[in-house]
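Understanding the architecture of this molecule
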Amino acid sequence: MALDAETRTQLLDTLRRFVTERLRPLEAKVSEDDRIPDEVLEEMKALGLFGLTIPEEYGGLDLSSEDECLAIIEMGRVSPAFRSAFGTNVGIGSQGLVMFGTEAQKQKYLPGVASGEIVTSFCLTEPEAGSDSGSVQTRATRDGDHYVLNGTKRYITNAARAGLYTVMARTDPEKKGGSGVSAILVERNTPGITIGKPEKKMGQQGAHIHDVIFENARVPVENRLGGEGEGFKVAMQVLDRGRLHVGALCIGMAERLIADSVAYARERRQFGQPIASFQLIQGMIADSKTEAMAAKALLLDSARKRDAGEPVILEAAASKYYCSEMVGRVADRAVQIFGGAGYVADHGIERCYRDVRIFRIYEGTSQVQQVIIARETMKQGG
Ligand code: COS
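Residues numbered from 1 in each chain as written. Predicted model: local features only at pLDDT ≥ 70, side-chain atom pairs only at ≥ 80, totals over all residues. Heavy atoms only, no water.

Within the chain, the secondary structure is distributed over 13 helices and 10 strands. Taking 2.2 N^0.38 as the reference for a compact globule, 382 residues should give roughly 21 Å; the C-alpha atoms of the chain span a radius of gyration of 21 Å, in line with that estimate. The principal-axis extents of the C-alpha atoms in the chain amount to approximately 80 × 50 × 40 Å. By residue count, 54% of the 382 residues in the chain fall in the buried class. Summed over its atoms, the accessible surface of the chain is roughly 16800 Å², and 52% of this surface lies on carbon and sulfur atoms. Within the chain, one finds 47 positive and 52 negative side-chain charges whose respective centroids are separated by 4 Å. (Helix = DSSP H or I, 4+ residues; strand = E, 2+ residues; numbered from the N terminus. Rg over C-alpha atoms; globule rule 2.2 N^0.38 Å. Buried < 20%, exposed > 50% of the residue type's maximum accessible area, 1.4 Å probe, protein only. Areas by Shrake-Rupley, 256 points an atom, 1.4 Å probe, with all protein chains shown as cover. Lys, Arg positive; Asp, Glu negative; His and termini not counted. Charge placed at Lys NZ, Arg CZ, Asp CG, Glu CD.)

Counting 83 residues, the largest nonpolar core has Leu23, Met44, Phe82, Phe86, Leu149 and Val186 as the members making the most contacts within it. With 24 residues, the next largest nonpolar core counts Ile54, Val98, Ile118 and Ala235 among its residues. (Core = buried A, V, L, I, M, F, W, Y, C linked by side-chain atoms within 4.5 Å.)

With that settled, the discussion passes to the packing of aromatic side chains. Within the structure shown, the criterion is met by 4 aromatic pairs. Judged by centre distance (5.9 Å) and plane angle (45 degrees), the rings of Phe359 and Tyr362 are tilted. (Phe/Tyr/Trp six-rings, centres within 6.5 Å; stacked < 30°, edge-to-face > 60°.)

In this section: the pattern of salt bridges. Overall, the coordinates contain 30 salt bridges when judged by the stated rule. A salt bridge links Arg304 to Glu66; its shortest N-O distance comes to 2.8 Å. Taken together, the positions of Arg304 in helix α9 (residues 279-307) and Glu66 in helix α4 (residues 65-75) put the pair 238 residues apart, joining distant regions of the chain. The partly exposed category is assigned to Arg304, whose relative accessible area is 40%. Residue Glu66 is classed as buried on the basis of its relative accessible area of 13%. The partner of Glu315 in a salt bridge is Lys305, and the shortest N-O contact between them spans 3.6 Å. Pair noted here: Glu315 is in helix α10 (residues 313-338) and Lys305 is in helix α9, with a separation of 10 residues, a long-range link. The exposure class of Glu315 is buried, given its relative accessible area of 16%. (Salt bridge = Lys/Arg side-chain N within 4 Å of Asp/Glu carboxyl O.)

Looking at helix α3 (residues 38-46), one finds that the buried residues are Val40, Leu41 and Met44. In a view along the axis of α3, the buried residues occupy a sector of 100 degrees, so they form one face of it. Residues of α3 that are buried in the fold lie against α1 (5-23) and α5 (80-90). (Arc of directions from axis to C-beta. Contact = heavy atoms within 4.5 Å.)

What follows covers the site of the ligand. Among the 17 residues in the neighbourhood of the ligand, the closest are listed as Ser131, Lys233, Asp240, Arg243 and Arg375. Interatomic distance of 2.8 Å between a backbone N/O atom of Ser131 and a nitrogen atom of the ligand. Contact distances for the ligand include 3.0 Å between an oxygen atom and a side-chain N or O atom of Ser133. Taken together, the elements giving at least two residues each to the shell around the ligand come down to α8 (231-267) and α13 (366-379). At 7 residues, the largest contribution of residues to the shell around the ligand is made by α8. The residue inventory of the shell around the ligand, partitioned by class, reads 7 nonpolar, 5 polar and 5 charged. (Near = heavy atom within 4 Å. Polar contact = N/O pair within 3.5 Å; in protein donor to acceptor, adjacent residues only side chain to side chain. Nonpolar A, V, L, I, M, F, W, Y, C, P; charged D, E, K, R; others polar.)

Turning next to the domain arrangement of the chain. How big an interface is tends to be stated in terms of accessible area lost as the parts join. As far as domains go, the chain holds domain 1 (5-115), domain 2 (120-227) and domain 3 (233-380). One C-alpha centre belongs to domain 2, the other to domain 3; they are set 30 Å apart. Contacts between the two partners involve 11 residues from domain 2 and, on the opposite side, 13 residues from domain 3. When the buried area of domain 2 at its contact with domain 3 is split by residue, Phe122, Met202 and Gln204 rank highest and sum to 54% of it. Here domain 2 is connected to domain 3 by 0 salt bridges. Between the two partners, domain 2 and domain 3, sit 2 residue pairs in polar contact (both at pLDDT 80 or more). (Domains from an automatic or database assignment. Buried area = accessible area lost by both parts, 1.4 Å probe.)

Quick look at the structure:
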């Protein structure tokens, strides 16, 4: 649902204040400790962040894609680890349930998801199924009115905190590719689930990814989302919305890095004047600003199309591709403008540079987005 102009402004102002006054001062420590303090998570719950996209009747804010993007742009102005804490509930961890869940499934889980009491994770990737996500090997074998799950999911965000997983598992071993895959809701307390140790990552300390291992985990058949064999399409449609969400995160981070670069260039003096007065510095600022504006226009246009009920396979892929590549370039220029100060840890620029690297990889690499964009363009004839 689209917010009215006043409510939207209020929400965005609240988020900007929360980010600027509460989260920005904490980001270096969160990175150092690799942990977000519990009280900050509680504040995020109180602000309704876990339920941004959950329908109102289950306690969420039911934001449209456009409003979700605007909200996530605000959240992108601080370490993305904070967004990650609630991001799965807003995006890929909940949207399968929101889009394809039965009324009974929604009533059972969505109020807890919206409040943040239940954290959700999206379990698609496996050791041997990354970009080729239709080739998942995790098995869900039918046994009466249960599925028995066996297999390993990899790099699963929030796996250790999650109470509910959306697991893509092969229900039909005869069928190769996505058509033999089903999406199944699995509760964390199901016997037969082990969580691996948190991976050591390049960036986004404070956000954690783990393996999730299923060994004879029995799950009721009624927990399936959509029909048997429809899981790959569920995952792809969830990712369409998720890719817009990631695009928004990239734009928030780019806008923050541009603001930080401008502030630094004004204050830093060389050759007797602020470096902001040098045209080669201005050129980098101009390139970053232009690209961030173009990215935002593409993203919001794509989100509005989705809100109008149009298919956005091409638009979501193009947004994710352009926004994530854009923020990589912006972060690189920010390091360059800061010079030595950008390379050392003090200003947090090198941390942002590391943090944004994953945006070109997760929820589909840039190369996967290129494949989707080219396919859709050829389907449409240009
Ligand atoms: N919405 C609805 N249906 C979709 C869809 C979408 N966005 N994308 C694909 N489908 C459908 C196709 O229409 C096709 O249906 P039919 O079999 O009825 O024709 C089916 O799903 C299979 O699609 P496709 O042929 O495109 O599958 P591929 O195996 O070629 O895979 C890519 C396509 C590579 C695009 C897909 O596997 C992908 O997105 N990989 C990256 C996964 C990813 O993002 N991983 C990150 C994990 S989450 S952090």
